[in-house]
Amino acid sequence: MTASRPPVSILIDTDPGIDDVVALSLAARSPELHVAGITTTYGNATLAAATRNASAVLALLEKPIPIYPGSDRPLERPLVTAPDTHGPTGVGYAPVGGEELVTPNPTVLLGLLEWSEQPVTLVTLGPLTNLAHALSVGPDLVRSRVRRHIGMFGSLHEQGNTNRWADFNAWADPEAVDIVLRAGLPTVMVGLDVTRRMELSAAQVEHLATSSDPLIAWLAKALRFYGRNGCVVHDVLPLGELIEPDLLTLAQVSLAVNLEEGVHRGHTMESPAGTPSQVALDVDMARMRALLARVFGEELQWQ
Ligand code: BDR
Ligand code: CA
């Protein structure tokens, strides 16, 4: 535990999303982090639903973190959301209020970076569209203000979860991944190679559903939607690495993304034509489980 360091100031770009709301809970309950703001994007749900879902979990956390809506569609591809995986609202069976109208602001991140006095760490948990827009308009500003970018996207060796090769976030907007990789930011790709290990069984979710903590009971209703085979909470891992440095084993890889349509769309791979990037290849699960006790409570038994 590194509670004596000053908190790391972070911005979170997210598309809540069941595992996104778990990740937001971990961030908000970790004294090692200061969440300066949250930007939202389409992805697991529409921009309006994702923004509403971010507000719902922050209300339960009793954290007044500002939320700023961003992009409502990919750079070039048609909009596709993930109701089969995350439910029609984006957060499974967890109750949420109605959607409110939101005005998309694709360059929202640029504005936030402009205001921020200090360089920040940017955490992306959804498609990379908001970051790509910011880089397209103000590349120098983004480079000077983003100390580090750590994102849940992609996969190097693991099978994809959206087509044969790609994870959902890279698949949803491969052109955005391409812009981000070529920008040469200090990017860390935390992809399916490690996030697949963040499994919760259906029995664990049922146990959480009995909690008297309204946040945990609400998260359990969201997680239950993943069904009888349990669930994988991908998005918590980038936050784990920020809370507990060196939780992940990183390797430098020359990384590129495939822009073709079809089975290779969004495939992140090693290529001589790629950009040197950090890729997570292993995770210290014992430390990560201990961190998740901050969200789920100590009584949850992990396999
Ligand atoms: C990623 O896609 C979404 O389903 C999850 O929220 C996660 O960010 C995993 O491929
Ligand atoms: Ca996500």
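Fair warning: this is a prediction, and the values are worked out from it, not measured in the lab.

For the rest of this paragraph, the subject is the site of ligand 1. Residues in close proximity to ligand 1 include D19, D20, N44, H86, L125, M152, N161, D167, F168, N169, H234 and D235, which together make up its full environment. Within the side chain of H86, one N or O atom sits 3.0 Å away from an oxygen atom of ligand 1. Within the backbone of F168, a nitrogen or oxygen atom sits 3.4 Å from an oxygen atom of ligand 1. Listed by contribution, the elements that provide at least two residues to the shell around ligand 1 are α1 (18-28) and α7 (168-172). For the shell around ligand 1, the class distribution of residues is three nonpolar, five polar and four charged.

Summed over all chains, the structure comprises three aromatic pairs. Ring geometry for Y68 versus W115: centroids 6.4 Å apart, planes at 65 degrees, classification edge-to-face. Of this pair, Y68 sits in strand β3 (residues 67-69) while W115 sits in helix α4 (residues 108-115), and the two are 47 residues apart along the sequence. On the accessibility criterion, W115 (64% relative accessible area) is exposed. Directly above the ring of W165 sits R164, whose terminal nitrogen or CZ lies 4.2 Å from the centroid.

Reading the values: the criteria
- Residues numbered from 1 in each chain as written.
- Chains lettered and ligands numbered in written order.
- Predicted model: local features only at pLDDT ≥ 70, side-chain atom pairs only at ≥ 80, totals over all residues.
- Heavy atoms only, no water.
- Near = heavy atom within 4 Å.
- Polar contact = N/O pair within 3.5 Å; in protein donor to acceptor, adjacent residues only side chain to side chain.
- Helix = DSSP H or I, 4+ residues; strand = E, 2+ residues; numbered from the N terminus.
- Nonpolar A, V, L, I, M, F, W, Y, C, P; charged D, E, K, R; others polar.
- Phe/Tyr/Trp six-rings, centres within 6.5 Å; stacked < 30°, edge-to-face > 60°.
- Buried < 20%, exposed > 50% of the residue type's maximum accessible area, 1.4 Å probe, protein only.
- Lys NZ or Arg CZ within 6 Å of the ring centre and 35° of its normal.

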